[in-house]
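Chain by chain, the residues run as shown.
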Amino acid sequence: MNPDRYRKQILFQPIGSEGQQRLASARVAIIGCGALGSSIAETLTRAGVGYLRIIDRDFVDLSNLQRQHLFTEADVASHQPKAIAASQRLQEINSEVTIEPHVTDVHSGNIASLVHSCDLIMDGTDNFETRFLINDIALETSTPWISGGVIAARGQVFTIVPQQTACLRCLLDGEPPQTETCDTSGVIGPAVNIIASLQCTRALQWITSAGSHIDRRMTIIDAWEGSFQQVDLTSLWQNRDCPACTGSERLWLSGKRGSQSTALCGRNAVQIAPADRRTIDLAAQAEQWKPLGQISLNPFLLWLQPQESPDHEIHLFRDGRAIIKGTEDLALARTLYNRYVPS
Ligand SMILES: [Zn+2]
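Quantities reported herein were computed from a predicted structural model and do not represent experimental measurements.

1. Things to note about the sheet that holds strand E7 (residues 217–222)
And step 1. A sheet is described by the order of its strands in space; here 8 strands give the open sequence E3-E2-E1-E4-E5-E6-E7-E8, paired in mixed fashion. Looking at strand neighbours, the two that pair on one side only are strand E3 (98–103) and strand E8 (227–232), the edges of this open sheet. Strand-to-strand twist across the sheet, computed as the mean angle between neighbouring axes with direction ignored, equals 15°.
And step 2. This element, helix H5 (residues 82–93), spans strand E2 (51–56) and E3 of the sheet and lies at about 165° to E3.
And step 3. Contacts from helix H7 (residues 128–141) reach strand E1 (27–31), strand E4 (120–123), strand E5 (145–151) and strand E6 (154–160) within the one sheet, and its direction differs from that of E4 by about 170°.

2. Observations concerning helix H13 (residues 330–340)
And step 1. When we look at burial in H13, the residues that qualify are Ala-333, Leu-336, Tyr-337 and Tyr-340. The buried residues of H13 occupy an angular sector of 100° when the element is viewed end-on, so they sit on one face. Exposed residues lying more than 90 degrees from the buried face of H13 are Ala-331, Asn-338 and Arg-339.
And step 2. Packed against the buried residues of H13 are strand E9 (261–264), strand E10 (269–272), strand E12 (301–306), strand E13 (313–317) and strand E14 (322–325).

3. Some words on the domain arrangement of the chain
Buried accessible area, meaning the area lost when the parts come together, often serves as the stated size of an interface.
And step 1. For the chain, the assigned domains read domain 1 (3–238) and domain 2 (261–340).
And step 2. If you average the C-alpha positions of domain 1 and of domain 2, the two centres end up 28 Å apart.
And step 3. Contacts between the two partners involve 17 residues from domain 1, matched on the other side by 16 residues from domain 2.
And step 4. Counted by class, the side of domain 1 that touches domain 2 contains 5 nonpolar, 6 polar and 6 charged residues.

4. Focus on H5
And step 1. Counted at 1.5 Å a residue, the expected span for H5 with its 12 residues is 16 Å, and the 16 Å between its end C-alpha atoms agrees.
And step 2. Of all the positions in H5, only Lys-82, Ala-83, Ile-84, Ala-85, Ala-86, Ser-87 and Leu-90 are classed as buried.
And step 3. Where the residues of H5 are buried, they touch helix H3 (35–47), E2, helix H4 (73–77) and E3.

About the thresholds
- Residue indices follow the written sequence of each chain, beginning from 1 at its first position.
- In keeping with the predicted nature of the model, local features appear solely for residues at pLDDT of at least 70, side-chain atom pairs appear and are counted solely at 80 or more, and the whole-chain, interface and lining totals rest on all residues.
- For two strands to pair, DSSP has to find at least two bridges joining them.
- Numbered from the N terminus, helices here are DSSP runs of H or I no shorter than four residues, and strands are runs of E no shorter than two.
- Comment: axis = line fitted to C-alpha atoms, over the contacting stretch for helices; angle = value between 0 and 180 degrees taken between N-to-C directions.
- Here the contact rule is simple: place C-beta atoms from the backbone, and any two residues whose C-beta atoms are within 7 Å are in contact.
- The exposure label follows from counting other C-beta atoms within 10 Å of a residue's C-beta, where the C-beta atoms are placed from the backbone and the thresholds are 20 or more for buried and 12 or fewer for exposed, leaving partly exposed in between.
- The arc in question is the one spanned by the directions pointing from the helix axis to the C-beta atoms.
- For each domain, the first and last residues come from an automatic or database assignment.
- When residues are sorted by character, Ala, Val, Leu, Ile, Met, Phe, Trp, Tyr, Cys and Pro go into the nonpolar class, Asp, Glu, Lys and Arg into the charged class, and all the rest, Gly among them, into the polar class.
- Here the expected span of a helix is defined as 1.5 Å times the quantity of residues minus one.

Dropping the structure here:
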């Protein structure tokens, strides 16, 4: 580690040389590398966190560039998976950091291996289903996680340290009804950056203090109004009656809750994930698809714009998942999947 790179950060008294060493030894998983995740990944890479595992299921879309750090028009043109595009850019920013990208969706069957050997999980997701799954694995493995969420110009951050703070289920019994999404209300870059920065500040505090600095408040912001609000969650923890952290219920980790098909927020796209996970030979599939329309292949996914359905695009990943662009109708997306992807 070249200390000159981190000189200004080491000069900051609460971090110092010892804190910098702790950052260099830290292992962090970032789940979701969209707006929040890419901003978090960049900040932690520049800060010198030694190891980052970046997990994302999606590819870079033109509508992402308004707010998602790290991505470029070239990534859009080549249908780059976000985890791969982000990793390449991050490695250019700081070659001392070990970056491990994973192009996959997170589900109950793989989350244990995806967070294995990480000291901290950063929430870069855009949906409650994945957050509840993270909450379950965090409680199960005693791994802290820092939750963040943004919609329009508003957002909130809170820290979950198993058996030391309230967990997500202390706060919410289940996935709240989606009365508002970034599809209906949009989202602005500055709000995302504020929330990602607050999450990263908490990560730096947790890592450099060796786990002794825990912020037990939920921070709620409205970037447009310029308002900050702090809600102390200590009493929620003290009076908890939570099936997940006082009991040991793991509804999402056990697979009792969760779905195989999901509309991707703000994307006019649906992900279809087959129950039987399998590896697809994308090059062979490309040969099959050639007569059917326009195709494009990179090492991680195969893209098809079918002649007979030109308003839709199919992005097929090696693990058998597909993201169908051009619809939010789950049934239509499943029909297209079954028509084009061999079972
Ligand atoms: Zn709880």
